[in-house]
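# Chain and residue survey
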Amino acid sequence: QVQLVESGGGLVQPGGSLRISCAASGRIFSINDMGWYRQAPGKQRELVADITRGGSTKYTDSVKGRFTISRDNAKNTMFLQMNSLKPEDTAVYYCNADIIISGPVYKSYDYWGQGTQVTVSS
């Protein structure tokens, strides 16, 4: 019904930059809050950054000043610009979105993408 697809992950050297994207498609009426989560091997999933429909943002302390979350409501896309990457940033990054679907009944659902691997290593 609704699909979130992440892209842009890859291997980056420490100090490098990477921009990952999340594209939402399907019976979308509107998208409320969106966020980027990440999960490293052996660790719990954590919120990296989130952004409201109006553009208000929040970041976890470990990425503050290095990462920038943004969204394009017209294209139902979200981005995460990652600068000054550290090995500790290595994880699978997941897109999350609170989406109101179109149909006879309008209802909000929480959707997740499949994730994109970001590896920071020399």
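Heads up: these notes are all about the structure in this document. (Residues numbered from 1 in each chain as written. Predicted model: local features only at pLDDT ≥ 70, side-chain atom pairs only at ≥ 80, totals over all residues. Heavy atoms only, no water.)

### Regarding the overall build of the protein
Each helix and strand counted, the protein has 0 helices and 11 strands in total. When the elements of the protein are put in sequence order from the N terminus, they spell out β-β-β-β-β-β-β-β-β-β-β. Put simply, the protein has 122 residues, and 40% of those count as buried. Considering only residue pairs separated by 6 or more positions, the protein has 56% of its internal contacts joining residues 24 or more positions apart. Accessible surface computed for the protein: about 6,700 Å², of which carbon and sulfur atoms make up 46%. Here the protein holds 13 positive side-chain charges and 10 negative ones, and the gap between their average locations is 3 Å. (Helix = DSSP H or I, 4+ residues; strand = E, 2+ residues; numbered from the N terminus. Buried < 20%, exposed > 50% of the residue type's maximum accessible area, 1.4 Å probe, protein only. Contact = heavy atoms within 4.5 Å. Areas by Shrake-Rupley, 256 points an atom, 1.4 Å probe, with all protein chains shown as cover. Lys, Arg positive; Asp, Glu negative; His and termini not counted. Charge placed at Lys NZ, Arg CZ, Asp CG, Glu CD.)

### Quick look at the environment of Leu 4
Within the secondary structure, Leu 4 sits in strand β1 (residues 2-7). For Leu 4, a relative accessible area of 4% puts it in the buried group. Separated by 29 residues in the primary sequence, Leu 4 and Asp 33 place their C-alpha atoms 14 Å from one another. Setting aside chain neighbours within four positions, we find Leu 4 in contact with Cys 22, Ala 23, Ala 24, Cys 95, Asn 96, Ala 97, Ile 99, Tyr 111, Trp 112, Gly 113 and Gln 114.

### Details of the packing of aromatic side chains
One pass over the structure, following the stated rule, counts 3 aromatic pairs. Between Phe 29 and Tyr 106, the aromatic rings sit 4.9 Å apart at their centres with planes inclined by 65°, giving edge-to-face as the arrangement. Of the two residues, Phe 29 sits in strand β4 (residues 28-39) while Tyr 106 sits in the loop between β9 (91-101) and β10 (107-112), which places them 77 residues apart along the sequence. The ring of Tyr 37 carries the charged tip of Arg 45 above its face, separated from the ring centre by 5.0 Å. (Phe/Tyr/Trp six-rings, centres within 6.5 Å; stacked < 30°, edge-to-face > 60°. Lys NZ or Arg CZ within 6 Å of the ring centre and 35° of its normal.)

### A short note on unusual backbone geometry
Residues other than glycine seldom take positive phi values, yet Asn 76 does so here, at roughly 55°. Secondary-structure assignment places Asn 76 in the loop between β7 (67-72) and β8 (77-82). A positive phi angle, near 50°, is found at Ser 84, a position not held by glycine. In this structure, Ser 84 sits in the loop between β8 and β9.

### A short note on the environment of Thr 77
Relative to the helices and strands, Thr 77 is located in strand β8. Take Thr 77: its relative accessible area is 14%, and that puts it in the buried class. Thr 77 sits 73 residues away from Leu 4 along the chain, and the two C-alpha atoms are 9.2 Å apart. With near-sequence residues (within four places) excluded, Thr 77 lies in contact with Cys 22, Ala 23, Arg 71 and Asp 72.

### Regarding the nonpolar core
In terms of nonpolar packing, the biggest core is built from 31 residues, with Trp 36, Leu 80, Met 82 and Tyr 93 touching the most fellow members. Where this core is concerned, the elements lending two or more residues are β1, β3 (18-26), β4, β5 (46-51), β7, β8, β9 and β11 (116-120). (Core = buried A, V, L, I, M, F, W, Y, C linked by side-chain atoms within 4.5 Å.)

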